[in-house]
Amino acid sequence: MVLGFIKQCSLFGASNLQRQASASISRQQILARSIQRSAAAMAFINPRQVVKRIVAHEQPEGDGAVVRRSIGRPELRQLDPFLMLDYFTVSPPAGFPDHPHRGFETVTYMLEGAFTHQDFAGHTGTIQAGDLQWMTAGRGIVHCEMPASTGVQRGLQLWINLSSKFKMIEPNYQELESGNIPVAEKDGTTVKVIAGESLGISSPVYTRTPTMYLDVTMQPGASFAQEISEGWNSFAYTLEGRPTFGSKGTPPIEAHTTVELSHGDGVMVWNDSDKACRFVLIAGQPLNEPVFQHGPFVMNTREEIIEAIRDYKGFRNGFERAAHWQSHPLDF
């Protein structure tokens, strides 16, 4: 009986010690996380905050495709230099058949599946999940963007305006496979640096309109501090999970929501949920020029838009090769 009592006391004491140790570790973890957040928050003199939230609802686009548009809708018509951001979902035979562009750049980033591009200059290529195509339309391009495989294809397409001095340059492409896009990792956060710089890692992509474009994945409990050039406009689009932007007190952002950020020298992001989150963080130097847009033509004046339409219909001034060109259908 006495031995049993001693064993019980021993077990009771051990149990107490375990609970105390566990509580101590828990307090240490909370304190460490609190210190980490406080230090991160002090990293910026003027941290950026959320000033607008826009839920990207589905809408039809192209030929049977579906997009979730955030920038480019009435709530956020433009965010200089950005003209449009679409999250697209496409299954064959839907897609974006032959169509023109002038005066800006399209940035296509594949998330799932594959897309094939053909243009009237003979350029063709297929981008897979994680790949990037940065197309400068310049004075004029006619192309198609269609699914390259069966099933569902998903991705993001961002339209970036060009300054007046670049609107009529020759078309150009920059294409990077997923393995060639630099990746930075720190404290539970992984960043694919599509354009610009993050965590000391820079992208090789050349941006005529200075741009930062990051694909960020954060594990539960992680925090992330990203510098953003003063004066640049910035926003984030949530792909998965529920990240918190700007301040700890603000509500987390649901998937398929765009947040416009205030001006400042950087932004703080936290993942306080029990699941990983993923978002793209994009910023750019505003052009501060007049914007006249008519569908796929973006110029500085109404007269330039009229001229672009005439050039396209008349197969001239950059659109000469459109007269006898048609894309080839894909076979699966």
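A.B. asks: What is the right way to look at the overall build of the protein in this model?
C.D. replies: Within the protein one finds two helices and 25 strands. Sorting the 332 residues of the protein into buried and exposed places 46% on the buried side. Look at the contacts in the protein between residues 6 or more apart in sequence, and 71% of them connect residues 24 or more apart. Approximately 15,800 Å² of the protein is accessible, and the part contributed by carbon and sulfur atoms is 53%.

A.B. asks: Is there a simple way to think about the pattern of salt bridges in this case?
C.D. replies: Note that side chains of opposite charge can pair when their charged atoms are close. For the coordinates displayed, the defined rule picks out 13 salt bridges. Among the salt bridges present, the one from Arg278 reaches Asp215, with a minimum N-O distance of 2.7 Å. One end of the pair, Arg278, is in strand S23 (residues 277–284); the other, Asp215, is in strand S17 (residues 211–218), with 63 residues separating them in the sequence. Here the salt bridges do not stand alone but share partners, grouping Arg102, Glu307, Asp311 and Arg316 into one network.

A.B. asks: What should I look at first to understand the packing of aromatic side chains in this one?
C.D. replies: Using the criterion set out here, one finds eleven aromatic pairs in the structure. A ring pair is formed by Tyr312 and Phe319, whose centres lie 5.5 Å apart and whose planes are at 70°; its orientation type is edge-to-face. With a relative accessible area of 0%, Phe319 lands in the buried category. One aromatic cluster in this structure is built from Phe88, Phe96 and Phe115. Above the face of the Phe120 ring, Arg321 is positioned so that its terminal group lies 5.1 Å from the ring centre.

A.B. asks: Looking at this model, I keep getting lost on the sheet that holds strand S13 (residues 183–186). Mind explaining?
C.D. replies: Strand pairing within a sheet occurs via backbone hydrogen bonds; the two strands may be parallel or antiparallel. The antiparallel open sheet is built from seven strands, whose spatial order is S1-S21-S19-S23-S17-S14-S13. Among the strands making up the open sheet, the edge pair consists of strand S1 (50–55) and S13. Each strand of the sheet is rotated relative to its neighbour by a mean of 20°, with strand direction disregarded. Across four bridges, the pairing between S13 and strand S14 (residues 189–195) is antiparallel. Following the sheet pairing, Val183 is matched in S14 by Lys192.

A.B. asks: In this structure, what is going on with the environment of Tyr173? I would like to understand it.
C.D. replies: Within the secondary structure, Tyr173 sits in strand S12 (residues 172–176). Of the residues examined, Tyr173 reaches a relative accessible area of 19% and is grouped as buried. Between the alpha carbons of Tyr173 and His123 there is a distance of 9.2 Å; along the sequence they are 50 residues apart. In contact with Tyr173, not counting residues within four places along its chain, are His117, Asp119, His123, Gln133, Trp134, Met135 and Ile141. At a separation of 2.4 Å, a polar atom in the side chain of Tyr173 contacts the side chain of Asp119.

A.B. asks: Explain the nonpolar core to me, please; I cannot follow it from the model alone.
C.D. replies: Note that soluble globular proteins tend to have their nonpolar side chains buried in a common cluster. Counting residues in hydrophobic clusters, the biggest one holds 27 residues, and the most contacted among them are Leu132, Trp134, Leu156, Leu158, Tyr213, Phe235 and Tyr237. Broken down by secondary-structure element, the contributors of at least two residues to this core are strand S4 (82–90), strand S6 (104–112), strand S9 (132–136), strand S11 (153–161), S14, strand S19 (233–240) and S23. With sequence-adjacent residues up to four places away left out, Trp134 is seen in contact with Glu105, Thr106, Val107, Ile160, Asn172, Tyr173, Gln174, Ile194, Ala195, Val205, Thr207 and Thr211. Counting residues in each nonpolar core, the second largest holds 21 residues, with Val191, Leu214, Leu261 and Val267 among its members.

A.B. asks: What should I look at first to understand the sheet that holds S9 in this one?
C.D. replies: Here we have seven strands laid out as an open sheet, ordered S2-S3-S4-S11-S6-S9-S12, and antiparallel in their pairing. Lying at the two open borders of the sheet, with one neighbouring strand each, are strand S2 (58–61) and S12. Sheet twist, expressed as the mean angle between neighbouring strand axes with direction ignored, is 25°. With five bridges joining them, S6 and S9 adopt antiparallel strand pairing. The residue bridging Tyr109 from the neighbouring strand is Leu132, located in S9.

A.B. asks: Help me understand the side chain of Arg48, please; the structure alone is not making it clear to me.
C.D. replies: The residue Arg48 is located in the loop between helix H1 (2–41) and S1 in this model. One buried charged side chain, Arg48, makes no salt bridge at all; its nearest oppositely charged neighbour is Glu230, positioned 5.5 Å away.

A.B. asks: I tried to follow helix H2 (residues 302–314) on my own but got confused; where do I start?
C.D. replies: Think of an α-helix as turning once every 3.6 residues; residues three or four places apart then point the same way. In a regular helix each residue adds 1.5 Å, so 13 residues correspond to 18 Å; H2 covers 18 Å between its end C-alpha atoms and thus fits that length. Elements that come into contact with the buried residues of H2 comprise strand S24 (292–294) and strand S25 (297–299). With its phi angle positive at about 55°, Phe315 sits one or two positions after the end of H2.

A.B. asks: How do you make sense of the pairing of S23 when you look at a structure like this?
C.D. replies: Across a regular strand the side chains alternate sides, sitting on one face of the sheet and then on the other. Of all the eight residues making up S23, seven are buried; the element is thus mostly covered by neighbouring parts of the structure. Direction of pairing for S17 relative to S23: antiparallel, over a ladder of eight bridges. Looking at S23, one finds that Met218 is bridged to Cys277.

A.B. asks: Help me out: how do you make sense of unusual backbone geometry in this one?
C.D. replies: Note: most residues except glycine have negative phi, and most peptide bonds are trans. The omega angle of the peptide bond from Asp80 to Pro81 is 15°, so this bond is cis rather than trans. Considering the arrangement of structural elements, one finds Pro81 in the loop between strand S3 (65–69) and S4. Non-glycine residue Asp187 carries a positive phi angle of around 50°. As for its placement among the helices and strands, Asp187 is situated in the loop between S13 and S14. Residue classification places Asp187 among the exposed residues on the basis of a relative accessible area of 53%. Residues other than glycine seldom take positive phi values, yet His256 does so here, at roughly 60°.

Definitions and cut-offs
Residues numbered from 1 in each chain as written. Predicted model: local features only at pLDDT ≥ 70, side-chain atom pairs only at ≥ 80, totals over all residues. Heavy atoms only, no water. Helix = DSSP H or I, 4+ residues; strand = E, 2+ residues; numbered from the N terminus. Buried < 20%, exposed > 50% of the residue type's maximum accessible area, 1.4 Å probe, protein only. Contact = heavy atoms within 4.5 Å. Areas by Shrake-Rupley, 256 points an atom, 1.4 Å probe, with all protein chains shown as cover. Salt bridge = Lys/Arg side-chain N within 4 Å of Asp/Glu carboxyl O. Phe/Tyr/Trp six-rings, centres within 6.5 Å; stacked < 30°, edge-to-face > 60°. Lys NZ or Arg CZ within 6 Å of the ring centre and 35° of its normal. Pairing = 2+ DSSP bridges. Axes fitted to C-alpha atoms, helices over the stretch in contact; angles between N-to-C directions. Polar contact = N/O pair within 3.5 Å; in protein donor to acceptor, adjacent residues only side chain to side chain. Core = buried A, V, L, I, M, F, W, Y, C linked by side-chain atoms within 4.5 Å. Lys, Arg positive; Asp, Glu negative; His and termini not counted. Expected span 1.5 Å × (residues − 1).

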